[in-house]
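Given next are the chains, with one letter for each unit.
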Amino acid sequence: MSLRLRWGKVLVWIVCLLPALWLGYEALTGQLGANPIEEVLHRTGWWALALLMVSLAVTPIRRLTGWNRLIRYRRLLGLFAFAWATTHFLGYLVLDQWFAWPFIVEDITERPFILVGFAAWLLLLPLAVTSTRGWIRRLGKRWGVLHRLVYLAAALGSLHFFWKVKADTREPLVFIAVLAVLLLIRVPRVRERARVWRKRLGLRATQSGGTYGARRDEDRLSAPGP
Amino acid sequence: MFWIRTIREPKDAEITPYETWLNRRHFVGTSAKAAVAGALVPGLLAGCDVDGERGVSKAAASPGIAPGDTDQEAPGGPSQDRDWSKVRSELDEPLNSWEDITTYNNFYEFGVGKDDPAKNAHTLRPRPWSVAVEGEVESPGVYDLEDFLSPHAVEDRVYRLRCVEAWSMVVPWRGIALADVVRRMQPTSKARFVEMTTLLDEEQMPGQRRRILDWPYVEALRMDEAIHPLAFLATGVYGRDLPNQNGAPLRLVVPWKYGFKSVKSIVRFRFLEDMPPTTWAVSAPREYGFYANVNPEVDHPRWSQARERRLGEFRRRPTLPFNGYADEVESLYAGMDLRKNF
């Protein structure tokens, strides 16, 4: 059991880090095209957003399939999303702007596209900080409330991508659609209907308690298990 | 196959004073450098620098565009006939590499990724090619590309290319002056704009199957812009014929405007009395205007235009008014509010 758990995490680590290694390899061997900085920003942003979506998919998938063990990977996925977002932001500060603060300040204050991206990263910051066992315990019920900021961060991140694109909005629209589905599933009425459908299809139902699932699960994760 | 150019005497109407023509060292670099280049390739860039004599550059440069050239298909790099590393812009900027210029392209007809055109543009057939001339002109008609080009002097010109996305390159184009073509077509007194249209053909340009833009791509210039000596029709780059992804076989180059004005793979010139709608201005009127002059003072609604990334450089560099060609073109817009007419 514990071995399986570890392998699952190892897989998450590999999936989340492999694109970074790949990016580093391509950067060092000059395979990022004529504008490598743009490519770095695009890829780091893409992975930040993608992993944010994956981490948001954990709870709905768990509810739909009853595969509760997935919750163990959610924090890791969220932290990797934050790591990619931070790399993206640092890429902008260092590679793209080379600390040209007046321009950076102007960008953030005057350009909605950059402002929403920055806001998304800023919202993720407290979530990453309070992702430790200590903070989960300390914040108690408020932890779940605080961590709902992730929805806003994901929405702003998707908008950031959408505004960045000049004409072909397909890809950002895919992100927005995925996010919309992930949010919709969380609406109580939709959840109720999903439960009905699950029964009809004969799928295993999850034991969903009255409280918001996230906090309980995190507690279970942090509790020293037998 | 040989293509023999018929050089004819220009009619009086076709000869125009070229104040800026004499300044051609602005296009190609300092005369000392051009002289070095000229020693390597007699008459190529040097042809532009030797004042006057259009025939010099015309005759000397013609081999590069001749269809019999061995690198006609799939050109794989700069022509070997000169040392391109010595060629610089008039601001002493080095050229961007062949790779930069031919693998980093905005040409949505072949996909929206920067590397898509280089991967996908092999479906374009730049020969045979015909060019339609329509509207307010004395000599409308459909021209075979070779006939369309043959009366004109071919030159190499080094221009900065500034994309509206805030990146830039320095490109050694080969081609002909747009003014020469316009004059040869003899616009009527009604003609105030020249509209240029890209090929519309989903087979050759698969990107047109998706309506991300209102195909075909259309751009236009005011007549005084079109006959400005800097306005250029490129048929080649780095001494080779244009690779498909760069807009083969014929594209516009207007160096003082954002790159999207420089419409590629042109099949039609239309002379018009009224300002025509142009593709990006239709697609996003708040963000892209008809004039699209490079202007560090007027930001794109979503990003700053004050600086740009020159491909191959790390730090951003300041963007120059009219992309560094203000001395030549500023007067075209005298009295105009360039914030309103962005």
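Residues numbered from 1 in each chain as written. Chains lettered and ligands numbered in written order. Predicted model: local features only at pLDDT ≥ 70, side-chain atom pairs only at ≥ 80, totals over all residues. Heavy atoms only, no water.

### Re the overall build of chain A
Under the convention used in this document: Under the DSSP-based scheme used, a helix requires at least four consecutive residues in state H or I and a strand at least two consecutive residues in state E, with every element numbered from the N terminus. Only protein chains enter the area calculation, which uses a 1.4 Å probe; residues under 20% of their type maximum are buried, those over 50% are exposed, and those in between are partly exposed. For the area figures, the Shrake-Rupley method with a 1.4 Å probe applies, and any residue is considered shielded solely by the protein chains shown.
Counting its regular elements, chain A contains 11 helices and 0 strands. By residue count, 43% of the 226 residues in chain A fall in the buried class. A total accessible area of about 12700 Å² is found for chain A, and carbon and sulfur atoms account for 70% of it.

### Quick word on the overall build of chain B
The cut-off we apply is this: In what follows, residue pairs with any heavy atoms lying within 4.5 Å of each other are defined as contacts.
From N to C terminus, chain B includes 11 helices and 12 strands. Counting the 342 residues in chain B, one finds 61% classified as buried. In chain B, of all internal contacts separated by at least 6 residues, the share reaching a separation of at least 24 is 72%. Surface exposure of chain B reaches about 13700 Å², of which carbon and sulfur atoms provide 53%.

### Structural notes on the sheet that holds strand β5 (residues 193–198) of chain B
Residue and element names in this part refer to chain B. As a reminder, the rule being used: At least two DSSP bridges between two strands are required for those strands to pair. Angles run from 0 to 180 degrees between N-to-C directions of axes, and those axes are lines fitted to C-alpha atoms, restricted for helices to the stretch in contact.
Strand order in this open sheet of 5 strands is β2-β1-β10-β5-β6, and the pairing throughout is mixed. Every other strand in the sheet has two partners, leaving β2 (141–144) and β6 (218–222) as the edge strands with one partner each. Taking each pair of neighbouring strands and ignoring which way they run, the sheet shows an average axis angle of 20°. Against the sheet, helix α8 (residues 178–185) touches β1 (130–135), β2, β6 and β10 (266–272), its axis set at about 60° to β10.

### A closer look at the interface of chain B and chain A
Rule in force here: When two components associate, each loses some accessible surface as probed by a 1.4 Å sphere; the sum of these losses over both components is called the buried area. Salt bridge, as used here: a side-chain nitrogen of Lys or Arg that lies within 4 Å of a carboxyl oxygen of Asp or Glu. We define a polar contact as two N or O atoms separated by no more than 3.5 Å, with the added condition that, inside protein, one atom must be a possible hydrogen donor and the other a possible acceptor, whereas residues neighbouring each other in sequence contribute only through side-chain atom pairs. Each residue is assigned to one class: nonpolar for Ala, Val, Leu, Ile, Met, Phe, Trp, Tyr, Cys and Pro, charged for Asp, Glu, Lys and Arg, and polar for all the others, Gly among them.
Across the contact, 27 residues belong to chain B and 22 residues belong to chain A. Around 2100 Å² of area is buried between chain B and chain A when both sides are counted, 51% of it from carbon and sulfur atoms. For chain B, the biggest contributors to the area lost against chain A are Arg302(B), Arg307(B) and Phe314(B); these three give 30% of the whole. Scanning the region where chain B abuts chain A turns up 4 salt bridges. With a shortest N-O distance of 2.7 Å, Arg210(B) and Asp168(A) are connected by a salt bridge. At the junction of chain B and chain A, the tally comes to 10 residue pairs in polar contact (both at pLDDT 80 or more). Broken down by class, the residue content of the side of chain B that touches chain A amounts to 13 nonpolar, 4 polar and 10 charged.

### Re the pattern of salt bridges
Inspection of the entire model under this criterion finds 31 salt bridges over all chains. One salt bridge in this structure joins Arg316(B) and Asp96(A), with 2.8 Å as the shortest N-O distance. Taken as a pair, Arg316(B) in the loop between β11 (307–310) and β12 (317–318) and Asp96(A) in helix α3 (residues 74–96) lie in two separate chains rather than in one. Relative accessible area serves as the criterion here: at 9%, Asp96(A) is assigned to the buried category. Taking the shortest distance from any N to any O, the salt bridge between Arg317(B) and Glu313(B) comes out at 2.7 Å.

### Observations regarding the pairing of β10(B)
All names here are of chain B. Here β10 lies mainly inside the structure; 5 of its 7 residues are buried. As paired strands, β5 and β10 are joined by 6 bridges and run antiparallel to one another. Each bridged residue has a counterpart across the sheet, and for Thr197 the counterpart in β10 is Arg268.

### Examining the pairing of strand β4 (residues 167–177) of chain B
Residues and elements named next belong to chain B. β4 sits mainly inside the fold: 11 of its 11 residues count as buried. Two elements, strand β3 (residues 155–162) and β4, share 8 bridges in a ladder whose sense is antiparallel. In the strand pairing of β4, Glu155 is matched with Gly175. Hairpin remark: β3 followed by β4, antiparallel, with 4 residues in the connecting loop; positive phi at Ala166, about 75°. For β4 and β11, the ladder comprises 2 bridges, and the chain directions are parallel. Counted as the bridge partner of Trp167 is Arg309 from β11.

### Here we look at helix α2 (residues 36–65) of chain A
Residues and elements named next belong to chain A. The following threshold applies: A helix is expected to reach a length of 1.5 Å times the quantity of its residues less one. The reported bend at a residue is simply the angle between two axes, fitted to the 7 residues ending at it and to the 7 residues beginning with it.
End to end, α2 covers 41 Å across 30 residues, agreeing with the expected 44 Å (1.5 Å per residue, within 8%). Of all the bends in α2, the greatest, near 35°, is centred on Val58, and the proline Pro60 appears no more than four residues after it. Positive backbone phi, approximately 75°, marks Gly66, located one or two places after α2.

### Overview of the packing of α2(A) against helix α9 (residues 170–184) of chain A
Each pair of packed helices can be described by the angle between their axes along with the distance between the axes. All names here are of chain A. Operational definition: Working definition: roughly parallel below 35 degrees, roughly antiparallel above 145 degrees, roughly perpendicular at 65 to 115 degrees, and oblique for all remaining angles. Handedness of a crossing follows from how the near helix is turned relative to the far one, being left-handed for an anticlockwise turn of less than a right angle and right-handed for a clockwise one.
Packing of α2 against α9 leaves a shortest axis separation of 10 Å and a crossing angle of 20°. Taken together, the axes of α2 and α9 lie roughly parallel to each other. As α2 packs across α9, the resulting crossing turns out to be left-handed. Note on element contacts: α9 touches α2 through Glu171, Phe175, Val178, Leu179 and Leu182, opposite His42, Trp46, Leu49, Ala50, Met53, Leu56, Ala57 and Pro60.

### Here's the deal with the packing of aromatic side chains
Cut-off, in case you're wondering: Aromatic pairs are defined between Phe, Tyr and Trp rings, using the six-membered ring for Trp, whenever the two ring centres lie within 6.5 Å; interplanar angles under 30 degrees are classed as stacked, those over 60 as edge-to-face, and all others as tilted. A ring is scored as having a charge over it whenever the NZ atom of a lysine or the CZ atom of an arginine sits within 6 Å of its centre and within 35 degrees of its normal.
Per the stated rule, a full pass over the model turns up 28 aromatic pairs over all chains. Consider the rings of Phe260(B) and Tyr288(B), whose centres lie 5.4 Å apart with planes at 75°: the pair is edge-to-face. Note that Phe260(B) is positioned in the loop between β9 (251–253) and β10 and Tyr288(B) in the loop between α10 (279–283) and β11, a separation of 28 residues in sequence. Through successive ring pairs, a cluster of aromatic residues spans Trp46(A), Trp47(A), Trp84(A), Phe161(A) and Phe175(A). Positioned above the aromatic ring of Trp84(B), the side-chain terminus of Arg82(B) is 4.9 Å from the ring centre. The ring of Phe107(B) carries Lys264(B) above its face, with NZ or CZ at 5.0 Å from the centroid.

### A word on the nonpolar core
Generally speaking, nonpolar side chains in soluble globular proteins are found buried as a group. How we decide: Nonpolar core, defined: a set of buried Ala, Val, Leu, Ile, Met, Phe, Trp, Tyr and Cys residues in which side-chain atoms within 4.5 Å join the residues together.
If you look at the biggest cluster of nonpolar residues, it comprises 88 residues, and the most contacted ones within it are Phe148(B), Leu233(B), Trp256(B), Phe269(B) and Phe271(B). Ranked by the residues each element gives to this core, the list is headed by β4(B), at 6 residues. In this view, Phe148(B) contacts Val131(B), Val133(B), Tyr143(B), Val181(B), Arg184(B), Met185(B), Leu233(B), Leu250(B) and Phe269(B); residues no more than four positions away in its chain are not counted. Ile71(A), Ile114(A), Leu124(A) and Leu156(A) belong to the second-largest nonpolar core, a separate cluster that totals 47 residues.

### A look at unusual backbone geometry
A cis geometry characterises the amide bond from Trp215(B) onward to Pro216(B), with omega recorded as -5°. In this fold, Pro216(B) is placed in the loop between β5 and β6. Geometrically, the link from Ala248(B) to Pro249(B) is a cis peptide bond, its omega value of -5° lying close to zero. Even without being a glycine, Trp98(A) presents a positive backbone phi close to 45°. Within the secondary structure, Trp98(A) sits in the loop between α3 and α4 (101–110).

### Here we look at the confidence of the model for chain B
Detailed reading of predicted coordinates is not advised where the pLDDT is low. Residue and element names in this part refer to chain B. Cut-off, in case you're wondering: pLDDT gives the predictor's per-residue confidence on a scale running from 0 to 100.
When the pLDDT values of chain B are averaged, the result is 84; 78% of them are 70 or greater. pLDDT under 50 marks residues 1–73. Its contacts with residues more than four places away, or in other chains, come to 121 contacts. Overall fold confidence (pTM) sits at 0.80, and the ipTM for the predicted complex is 0.79.

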